Amino acid sequence: MRTTSFKSLVTAEPVALQVFGTPTKYKQPIMLFFHGGLFNCGNIDSAHALANALSEEAVIVCVDYPLAPRLHFPDTIEVAYQALAWISQQAAALGGDAARVFVAGEQAGGNLAAVVAMLFRDRGLSGKQRAQLRGQILINPMLDASQSSHSMQMTVDSPCRRAWAEYIQVASNAVHPYASPVHSCRLAGLAPATVITTESNPLRDEAEAYAAKLLLAGVPVQVRRLGDSEYALTSAQHPCFQMLVQLMRHVLTDE
């Protein structure tokens, strides 16, 4: 693991990045990963097990993005997109292939990955590297600030409610597609998506609803629902962790 950073244009402070992977003579796919948590909690250390497991197949760059309420929508998504711009410029130095870039994340990190895919479609990237976003991998992503899905409504005292309140501090922003991707009416042209949920996770229904909307918009999608555990899916202690790793390896290396 190597630690580096970029200076955020939003916060004027460095944002830490952790890079996993051993440089080889062949350029590898490069994946930008946003760690799990609920916008107002979580840390980059929780991404280590997954990043290590994937580091032979790809260069994995984990982002230590600022948490709410210190940073919130829309500033957080700008920091996330700056991380994508950074890896597209640094891909060759990292041993990665700018033509094979992926974004991925868990929970709030899954939201950021989905939104970065939207921003890439809408803005593109400038610079010497002609980066290509080849896919997005969303793991139990938080995609609906209204928390209106059946699985969320069945959850009593979900910590997601406070997390959304601290992340979306202007009520009208709750339906913005860059805040709640599941409410977007314009999904065509996004990178192919892999949506991974677990059986009883409260975020399951909104994630699978988003996958269905992507399919209707013509975006290639694969959906997998895995088993439950008290651990986060990206934890090595989750019984389906190795299955998750295999699914992600397939996405990263499939030509």
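Preceding this paragraph is the structure being described.
**Regarding the nonpolar core**
One finds Leu32, Phe34, Val61, Leu84, Met142, Tyr167 and Tyr210 to be the most contacted residues of the largest nonpolar core, which totals 63 residues. Take this core: its biggest share by element is 10 residues, from helix 3 (residues 108-123). In contact with Tyr167, other than residues within four places in its own chain, are Phe39, Ala68, His72, Phe73, Thr76, Ile77, Asn111 and Leu112. Counting residues in each nonpolar core, the second largest holds 27 residues, with Met31, Cys240, Leu244 and Val245 among its members.

**Considering the side chain of Ser149**
When you line up the elements, Ser149 lands in the loop between strand 6 (133-139) and helix 4 (150-153). A relative accessible area of 11% places Ser149 in the buried class. Of the polar contacts made by the side chain of Ser149, one reaches the side chain of Ser151; its length is 3.4 Å. One polar contact links the side chain of Ser149 to the main-chain amide nitrogen of Met152, over a distance of 3.2 Å.

**Some points on the environment of Tyr65**
Looking at where Tyr65 falls in the secondary structure, it is placed in the loop between strand 4 (59-63) and helix 2 (75-94). Since its relative accessible area comes to 3%, Tyr65 is described here as buried. Sequence-wise, Tyr65 and Gly37 are 28 residues apart; in three dimensions their C-alpha atoms are separated by 11 Å. The contacts of Tyr65, once residues within four sequence positions are left out, are Phe34, His35, Gly36, Ala108, Gly109 and Leu112. Within the structure, the side chain of Tyr65 is placed 2.8 Å from the backbone oxygen of His35, a separation counted as a polar contact.

**Details of the packing of aromatic side chains**
Two descriptors summarise a pair of aromatic rings, namely the distance from one centre to the other and the angle between the planes of the rings. This model, assessed by the stated rule, comprises 5 aromatic pairs. When the ring of Phe39 is compared with that of Trp164, the centres are 5.0 Å apart and the planes differ by 55°; the resulting orientation is tilted. Here Phe39, found in the loop between strand 3 (28-34) and helix 1 (48-54), pairs with Trp164, found in helix 5 (residues 160-167); they are 125 residues apart in sequence, far enough to count as distant. For the ring pair Phe39 and Tyr167, a centre distance of 3.8 Å and an interplane angle of 5° mean the geometry is stacked. Taken together, the residues span a long stretch of sequence, with Phe39 in the loop between strand 3 and helix 1 and Tyr167 in helix 5 at a distance of 128 residues. What makes Phe39 buried here is its relative accessible area of 3%.

What counts and what doesn't
Residues numbered from 1 in each chain as written. Predicted model: local features only at pLDDT ≥ 70, side-chain atom pairs only at ≥ 80, totals over all residues. Heavy atoms only, no water. Core = buried A, V, L, I, M, F, W, Y, C linked by side-chain atoms within 4.5 Å. Buried < 20%, exposed > 50% of the residue type's maximum accessible area, 1.4 Å probe, protein only. Helix = DSSP H or I, 4+ residues; strand = E, 2+ residues; numbered from the N terminus. Contact = heavy atoms within 4.5 Å. Polar contact = N/O pair within 3.5 Å; in protein donor to acceptor, adjacent residues only side chain to side chain. Phe/Tyr/Trp six-rings, centres within 6.5 Å; stacked < 30°, edge-to-face > 60°.

In short, geometric facts, not functional conclusions.
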